[in-house]
Amino acid sequence: QAGARWSLELIAALRQLGHNVVVVSHCTEQLWPRGKVFWQNGNEEWFADFQCRRIPYLNFPFLRSKWLGFRYAAEVRKVCRNMQIDAFLCYNTVVPWHVSAMKSAKACGVPCYPIVLDGNDPRKDGWRKMLYDNRYATGVVFLSYWLASNYPAGKMAGGKLPILHLDGGAKDFRGVRPSDAKPHGAFTVLHTGSLNKYRELGFTAKALKYYADSMTRFLFTGKVSINDVREMCGDDPRIEVKGFMPVDELNAICREADAFLNVRVPDHGDNVVNFPS
């Protein structure tokens, strides 16, 4: 959902600038036998307002990736040949079907601009995978400023490929403006998104031990395991795990927050690539 919502915001902004957008996408289903053997429809409401080419696929392990690569390449080729397409944008290149789609677009003479928001630390393999995945790119958009500055093929690092650093963000401010009325009560600190023993929950637990104010309330929303929180933080009465929430409820909690918590260490491993969502 995070990826879909980010994409929708970007598409909406492009349309506000007067551009027509054609979306080629598929709805991710759990692999068979937990999911359907053949997946065709689902979550159409995400792209109800756009021209959307939905990709159906066989949902077997090992076959799904190859099937999606073939179907994405064919659909993008069809779109580029039958419509006047000025540019091809792609949400990440960490999956092979996005690379196949870029290859088809480039073969049709359409410039390709992948937007890199996630991935593994490229220093582990000397940038080989990221450079290979972006081999059909006309230019690359990075949300991470570190990536934009250090990408070996990019002009900012002495290469030749055009690079754009695009700050991630939201169209609406979710916090409390000074003019807004906020109910009095405990000072509330909010963390949204993934938080577990592999995503800085250990650091959070250590930090809370140094912060002794018993009147502060810490709210964790999103992909958070209550068991992980109890294991790492103990029975801290200040912590409340909300988990996944409807958008309206999440926005209401954000308006009540006094501070937002981001515990990802900027220079730690994959955090140099991923944007905090």
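Residues numbered from 1 in each chain as written. Predicted model: local features only at pLDDT ≥ 70, side-chain atom pairs only at ≥ 80, totals over all residues. Heavy atoms only, no water.

Participant: Could you clarify how one ought to interpret the overall build of the protein in this entry?
Facilitator: A count of helices and strands for the protein gives 8 helices and 12 strands. Expressed as a percentage of its 277 residues, the buried residues of the protein come to 39%. By sequence separation, contacts in the protein at least 24 residues apart represent 63% of the contacts at least 6 residues apart. Carbon and sulfur atoms provide 54% of the accessible area of the protein, an area that totals close to 16,700 Å². (Helix = DSSP H or I, 4+ residues; strand = E, 2+ residues; numbered from the N terminus. Buried < 20%, exposed > 50% of the residue type's maximum accessible area, 1.4 Å probe, protein only. Contact = heavy atoms within 4.5 Å. Areas by Shrake-Rupley, 256 points an atom, 1.4 Å probe, with all protein chains shown as cover.)

Participant: Mind showing me how you'd approach the sheet that holds strand 5 (residues 88–91) here?
Facilitator: Within a sheet, neighbouring strands are paired by backbone hydrogen bonds and run either parallel or antiparallel to one another. Read from one edge to the other, the open sheet built from 4 strands follows the order 5-6-7-8, with strand pairing classed as parallel. Lying at the two open borders of the sheet, with one neighbouring strand each, are strand 5 and strand 8 (163–165). Here the average twist between neighbouring strands, direction ignored, is 20 degrees. As judged from the 3 bridges shared by strand 7 (residues 140–142) and strand 8, these two strands associate in the parallel manner. (Pairing = 2+ DSSP bridges. Axes fitted to C-alpha atoms, helices over the stretch in contact; angles between N-to-C directions.)

Participant: I would appreciate a short explanation of the sheet that holds strand 9 (residues 188–192) in the present structure.
Facilitator: Within the open sheet, the 4 strands sit side by side as 11-10-9-12. Their pairing is parallel. Both outer strands of the open sheet, strand 11 (239–243) and strand 12 (259–260), are each paired with one neighbouring strand and no more. As judged from the 5 bridges shared by strand 9 and strand 10 (residues 217–221), these two strands associate in the parallel manner. Across the sheet, residue His-191 finds its bridge partner in strand 10, namely Phe-220. Contacts from helix 8 (residues 247–256) reach strand 9, strand 10, strand 11 and strand 12, with the element oriented near 140 degrees to strand 9.

Participant: Would you mind showing me how to read the packing of helix 6 (residues 201–210) against helix 7 (residues 226–233) here?
Facilitator: Between two packed helices, what matters for the description is the angle formed by their axes and the separation of those axes. At their nearest, the axes of helix 6 and helix 7 sit 9 Å apart, and the two run at 45 degrees to each other. Looking at the two axes, helix 6 sits oblique to helix 7. Considering only the axes of helix 6 and helix 7, their crossing is right-handed. Residue-level inspection shows Leu-201, Gly-202 and Ala-205 of helix 6 in contact with helix 7, the latter providing Asp-228, Val-229, Met-232 and Cys-233. (Parallel < 35°, antiparallel > 145°, perpendicular 65-115°, else oblique. Left-handed = near helix turned anticlockwise from the far one by under 90°.)

Participant: Help me out: how do you make sense of the nonpolar core in this one?
Facilitator: Grouped together as the largest cluster of nonpolar side chains are 20 residues, with contacts concentrated most on Leu-68, Tyr-72, Val-76, Phe-88, Ala-105 and Val-110. Only helix 2 (63–82), strand 5 and helix 3 (96–107) provide two or more residues apiece to this core. With near-sequence residues (within four places) excluded, Leu-68 lies in contact with His-26, Ile-55, Tyr-57 and Trp-97. In terms of nonpolar packing, the next biggest core, distinct from the first, is built from 13 residues, Val-116, Trp-127, Leu-161 and Val-273 among them. (Core = buried A, V, L, I, M, F, W, Y, C linked by side-chain atoms within 4.5 Å.)

Participant: Which parts of the structure should I look at to understand the environment of Gly-35?
Facilitator: For Gly-35, the location among the structural elements is in the loop between strand 1 (22–25) and strand 2 (38–39). Overall, the relative accessible area of 11% leaves Gly-35 in the buried class. When the C-alpha atoms of Gly-35 and Phe-60 are compared, they prove to be 9.1 Å apart, with 25 residues separating the residues in sequence. When sequence neighbours within four positions are dropped, the list of residues in contact with Gly-35 reads Glu-29, Gln-30 and Asn-59.

None of the figures reported here should be taken as evidence of function without further support.
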